[in-house]
Structure formats: C-alpha cells, structure tokens
Amino acid sequence: PVSRARVIPSGKSISGFALQPLRSTHKFSGKSQAPVTTDVDIIDETIDLFKANIFFKSFEIDSDEDRVQVYLTLYIIECLKKLQKCPNKEAGLTDLTAYGMKVFALPGEAGFPLNLYYPKPKKSEVDDLRNYMIQLRQETGARLVEKVYHSNLSKGGEPSKWWLCFAKRKFLNLALEKAF
C-alpha cells in the first residue's frame, strides 16, 4: 500500500490543500497562511516517502493532507527533471527557486492535472492558495537540492544518480507539466 505522510491534521484547508505547519529552511518572501514549525513537516515526509510511493499507479485520497502529498510528489518529479540539467548544487538551487516561482495552474484552471481531486478555490482564496503553493514549491525544491547533492550520494558535487533515476517515472500516470 501507498505510504502516507504521518502528519497531524491541521483542520484548516484551502481548496483541498491542508494548511500544514511548515518548517522554514528557505527564504520565502510571500505571505503564507501556513503555521510555522520546527518539527518534521509534510514536505520532509513526502520527500522521505517519495522513492517508495513513486511506483504506485493509484493513491486513494482520504484527506486534504493526502492531496498535499500527491501534489508534492508530482512536483518532486518535475524538480528532478530540472536537476538533471544542473551541474552543481548552486545551479540546482537557483533553477528550483526560479521554478518554484514560475506561473503555474491552480485547481479549477485548465492546466492543473488533478482537477478531479481538488475543488476549485473561491475567489477570496485564490491569492492565499497561490502563496501557500509557492511556499510549498520553494521549500520542497530547497530541501530536495540538499538530498540530491548530498555528499554521501554524489561525487564531485554532481547530482546523485540514485535520485535522478526517478525523473523519468510517473506517479498516478500524471505530470504537473505537459511534455512538448
């Protein structure tokens, strides 16, 4: 069975995304609704469970926390694709920071691949949801760079092949971005 993030439900959500407390490791300039924590958070859990979950073709979504985990898993795949082209940690962090800020589709918009699983946000929630997703994307990218370029896994500052080998995999047969 799919491994689920072991996080305490927050009870708050925006358009199906649980507002989970986040550990801040990356400079984020936006205003997010997410509470702050110093403990392991949903991003840490999703990265740790990524290699186990990537092989599944289905994931029964039982909670808003599951929706965040599914989105982050798909986002990690896109990040790994970007890191394949980055020769070192600094380039990887720069590229993923820019990618996290890139314009992306929200639930209910045409380019969002998971519209079946996420409700469309109310007009009053759009800005809060976008800021929360940007914070999730930037934190995930920064933490993933630390894993992919970890000195125990990579040689000479290059990205770890043990992480990049998952860039070609699909989770739930979906991708956040369409291939051209």
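Residues numbered from 1 in each chain as written. Predicted model: local features only at pLDDT ≥ 70, side-chain atom pairs only at ≥ 80, totals over all residues. Heavy atoms only, no water.

A.B. asks: I'd like to hear about helix 1 (residues 42-53), residue by residue, with values.
C.D. replies: Taking 1.5 Å of rise per residue, the 12 residues of helix 1 would be expected to cover 16 Å, yet its terminal C-alpha atoms sit only 14 Å apart, more than 12% below that figure. Among the 12 residues in helix 1, nine count as buried, and that is most of the element. Taken together, the buried positions of helix 1 are Ile42, Ile43, Asp44, Glu45, Thr46, Ile47, Leu49, Phe50 and Asn53. Considering only its buried residues, helix 1 is in contact with helix 2 (64-83), helix 4 (126-148) and helix 5 (161-164). The backbone nitrogen of Ile43 has a side-chain oxygen 3.2 Å away, supplied by the residue at the start of helix 1, namely Asp41. (Helix = DSSP H or I, 4+ residues; strand = E, 2+ residues; numbered from the N terminus. Expected span 1.5 Å × (residues − 1). Buried < 20%, exposed > 50% of the residue type's maximum accessible area, 1.4 Å probe, protein only. Contact = heavy atoms within 4.5 Å. Polar contact = N/O pair within 3.5 Å; in protein donor to acceptor, adjacent residues only side chain to side chain.)

A.B. asks: Tell me what's going on with the packing of helix 3 (residues 89-101) against helix 4, and back it up with residues and numbers.
C.D. replies: One way to put it is that helix 3 packs onto helix 4 with a least axis distance of 8 Å and a crossing angle of 165 degrees. Classed by the angle they form, the pair helix 3 and helix 4 counts as roughly antiparallel. Of the two elements, helix 3 crosses helix 4, and the hand of that crossing is right-handed. Here Lys89, Gly92, Leu93, Leu96, Thr97, Tyr99, Gly100 and Met101 of helix 3 come into contact with helix 4, specifically with Ile134, Arg137, Gln138, Gly141, Ala142, Val145 and Glu146. Here the contact of helix 3 with helix 4 is composed, by residue class, of seven nonpolar, five polar and three charged. (Axes fitted to C-alpha atoms, helices over the stretch in contact; angles between N-to-C directions. Parallel < 35°, antiparallel > 145°, perpendicular 65-115°, else oblique. Left-handed = near helix turned anticlockwise from the far one by under 90°. Nonpolar A, V, L, I, M, F, W, Y, C, P; charged D, E, K, R; others polar.)

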